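Working through the structure, step by step
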Amino acid sequence: MDKTLNLTIVSPEGVLFEGKVKSLLLPGIMGLFAVMPLHAPLITQLTQGVITFYEKEHNQEIVIKSGFVEVKQNVVSVCVEQ
């Protein structure tokens, strides 16, 4: 079983990230939340904050103003405004 997520983060300027990650933290409207492999399906709004995602050996962060996220079958699609 694959223990990664396929993550795509896009903004009006273009694709900010596309690849496999172990997990990620997102600034939801109800607070910070984590997405890990086998997460339940979800669509929610994001608020101002930092998206942190964990690749094989290092972490990356993207600062956002707002956005939306969809999680479905280990695929995470994020649309943000920076």
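Residues numbered from 1 in each chain as written. Predicted model: local features only at pLDDT ≥ 70, side-chain atom pairs only at ≥ 80, totals over all residues. Heavy atoms only, no water.

**Some remarks on the overall build of the protein**
- Regarding its fold elements, the protein presents zero helices and nine strands.
- Moving toward the C terminus, one meets the helices and strands of the protein in the order β-β-β-β-β-β-β-β-β.
- In summary, the protein has a C-alpha radius of gyration of 11 Å against a globular reference of 12 Å for 82 residues, a match within 12%.
- Along the first, second and third principal axes, the C-alpha set of the protein runs to 35 × 25 × 20 Å.
- The buried share among the 82 residues of the protein stands at 37%.
- Contacts spanning at least 24 positions in sequence make up 44% of the contacts within the protein whose residues lie at least 6 apart.
- As displayed, the protein has an accessible area near 5,200 Å², and 56% of this comes from carbon and sulfur atoms.
- Put simply, the protein has 6 plus and 8 minus side-chain charges, and the middle of one group is 8 Å from the middle of the other. (Helix = DSSP H or I, 4+ residues; strand = E, 2+ residues; numbered from the N terminus. Rg over C-alpha atoms; globule rule 2.2 N^0.38 Å. Buried < 20%, exposed > 50% of the residue type's maximum accessible area, 1.4 Å probe, protein only. Contact = heavy atoms within 4.5 Å. Areas by Shrake-Rupley, 256 points an atom, 1.4 Å probe, with all protein chains shown as cover. Lys, Arg positive; Asp, Glu negative; His and termini not counted. Charge placed at Lys NZ, Arg CZ, Asp CG, Glu CD.)

**Examining the packing of aromatic side chains**
- What the rule picks out here adds up to one aromatic pair.
- When the centroid spacing of 4.4 Å and the interplanar angle of 45 degrees are considered together, the rings of Phe 17 and Phe 53 count as tilted. One end of the pair, Phe 17, is in strand E2 (residues 14-21); the other, Phe 53, is in strand E6 (residues 49-54), and 36 residues separate them in sequence. (Phe/Tyr/Trp six-rings, centres within 6.5 Å; stacked < 30°, edge-to-face > 60°.)

Just geometry here; none of it tells us what the structure is for.
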